[in-house]
Amino acid sequence: MDITAIFFLGLIIALVGVIPPGLLNMTAAKISLKEGYKRGIAFSIGVCLIVFLQTYLAAMFARYLSNHQDVVEILQRVALVIFILITIYYLLLAKTDAKPNVEEHTKSSHSRFFQGMFLSAINVFPIPYQAYMTITIASFGWFNFEKLSIITYVTGASTGTFVMLYIYIFFFDKIKDKAFTSQKNMNYSIGAITGIVAAVTLINVLMEL
């Protein structure tokens with residue numbers, strides 16, 4: 001597949017994964033709101049550096065799994081159940097929590113960069129998410145595990161993450177008081193995305209029967 005298409009696949013998949021308001025994008029937005037967009041950007045760059053490494057590790061893991069199809073089939077079925085349960089939880093069961101307090105003290109741009117790296121490093125969700133998605137798109141023939149394809153995909157994923165963080169940074173001030181940022185709608189957003197992933201997983205499982 002053309003490397004430009006692979007780049008945009010990585011960008012879109014990563015961007016979708018960061019759409020729901022979460023720790024990283026909300027922290028980037030709040031830093032920008034209280035300390036200026038430059039520090040929000042510094043934080044986002046730190047996040048994306050770790051996302052690059054995490055996505056690369058995920059692609060390596062997916063390449064290993066692609067040579068063990070029996071393991072992939074089991075993981076797909078397990079992932080299907082997990083995504084369905086997560087979807088049900090966020091759409092039907094999750095409760096509204098109080099908004100977390102915003103950090104008051106100011107840090108330097110370098111500190112925000114390393115804070116972005118740290119928070120991204122403890123957020124391990126991109127590894128299983130990207131491993132699963134790369135296996136899925138590879139099964140559709142949209143991706144292969146050659147070195148150039150992997151680097152292109154990983155670069156696209158890092159770019160997609162940065163684009164979504166950038167959107168949060170520059171638009172959060174306009175939407176922060178609207179319903180979009182309510183905990184209830186955050187839950188619905190996460191549930192909708194995991195529901196879509198569950199549907200794609202189900203289609204992939206049925207195609208292999």
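All values derive from a computational prediction rather than experimental measurement. (Residues numbered from 1 in each chain as written. Predicted model: local features only at pLDDT ≥ 70, side-chain atom pairs only at ≥ 80, totals over all residues. Heavy atoms only, no water.)

Here we look at the overall build of the chain
Scanning the chain from terminus to terminus reveals 8 helices and 0 strands. Reading the secondary structure of the chain in the N-to-C direction produces α-α-α-α-α-α-α-α. For the chain, buried positions account for 41% of its 209 residues. At a minimum sequence separation of 6, the contacts of the chain that also span at least 24 residues come to 86%. (Helix = DSSP H or I, 4+ residues; strand = E, 2+ residues; numbered from the N terminus. Buried < 20%, exposed > 50% of the residue type's maximum accessible area, 1.4 Å probe, protein only. Contact = heavy atoms within 4.5 Å.)

Remarks on the pattern of salt bridges
A side chain of one charge can pair with a side chain of the opposite charge if their charged atoms are brought near each other. All told, the structure shown has 2 salt bridges when counted by the stated rule. Across the pair Arg39 and Glu35 runs a salt bridge, and its minimum N-O distance is 3.8 Å. Relative accessible area serves as the criterion here: at 17%, Glu35 is assigned to the buried category. Its salt-bridge partner being Glu35, residue Arg112 comes within 2.3 Å of it at the nearest N-O pair. With Arg112 in helix 5 (residues 109–122) and Glu35 in helix 2 (residues 23–35), this residue pair connects regions lying 77 residues apart in the sequence. Accessibility assignment for this pair places Arg112 and Glu35 in one class, buried. (Salt bridge = Lys/Arg side-chain N within 4 Å of Asp/Glu carboxyl O.)

Observations concerning the packing of aromatic side chains
Summed over the entire model, instances satisfying the criterion amount to 9 aromatic pairs. Their ring planes at 75 degrees and their centres at 5.2 Å tell us that Phe113 and Phe114 sit as a pair that is edge-to-face. Taking relative accessible area as the criterion, Phe113 reaches 22% and is therefore assigned partly exposed. Since its relative accessible area comes to 52%, Phe114 is described here as exposed. Judged by centre distance (4.5 Å) and plane angle (40 degrees), the ring pair of Tyr166 and Phe170 falls under tilted. With Tyr166 and Phe170 both in helix 7 (residues 147–175), this residue pair falls 4 residues apart, about one helical turn. Each residue in the set Tyr37, Phe162, Tyr166 and Phe170 is aromatic and connected to the rest through ring pairs, giving one cluster. (Phe/Tyr/Trp six-rings, centres within 6.5 Å; stacked < 30°, edge-to-face > 60°.)

A look at a nonpolar patch on the surface
Where nonpolar side chains cluster on the molecular surface, the patch consists of Tyr37, Val163, Tyr166, Ile167, Phe170 and Phe171 and spans about 520 Å² of accessible area. It is helix 7 that contributes the most residues to the nonpolar patch, 5 residues altogether. The topology assignment puts Phe171 in helix 7. When its relative accessible area of 43% is taken as the criterion, Phe171 is described as partly exposed. (Patch = residues over 30% accessible without salt bridge, like charges linked within 9 Å, V, L, I, M, F, W, Y side chains within 5 Å. Areas by Shrake-Rupley, 256 points an atom, 1.4 Å probe, with all protein chains shown as cover.)

Some words on the nonpolar core
In terms of nonpolar packing, the biggest core is built from 21 residues, with Phe143 and Tyr153 touching the most fellow members. Elements with a contribution of two residues or more to this core: helix 1 (3–18), helix 3 (37–66), helix 4 (69–93), helix 6 (126–139), helix 7 and helix 8 (183–207). Considering every element that reaches this core, the biggest residue donor is helix 6, with 5 residues. Residues contacting Tyr153, with those up to four places away along its chain left out, are Ile6, Leu9, Gly10, Ile13, Thr55, Gln130, Met133, Thr134, Ile137 and Phe143. Of all hydrophobic cores here, the second largest spans 19 residues; its members include Met26, Ile31, Leu119 and Leu165. (Core = buried A, V, L, I, M, F, W, Y, C linked by side-chain atoms within 4.5 Å.)

Read these as geometric descriptors, not functional statements.
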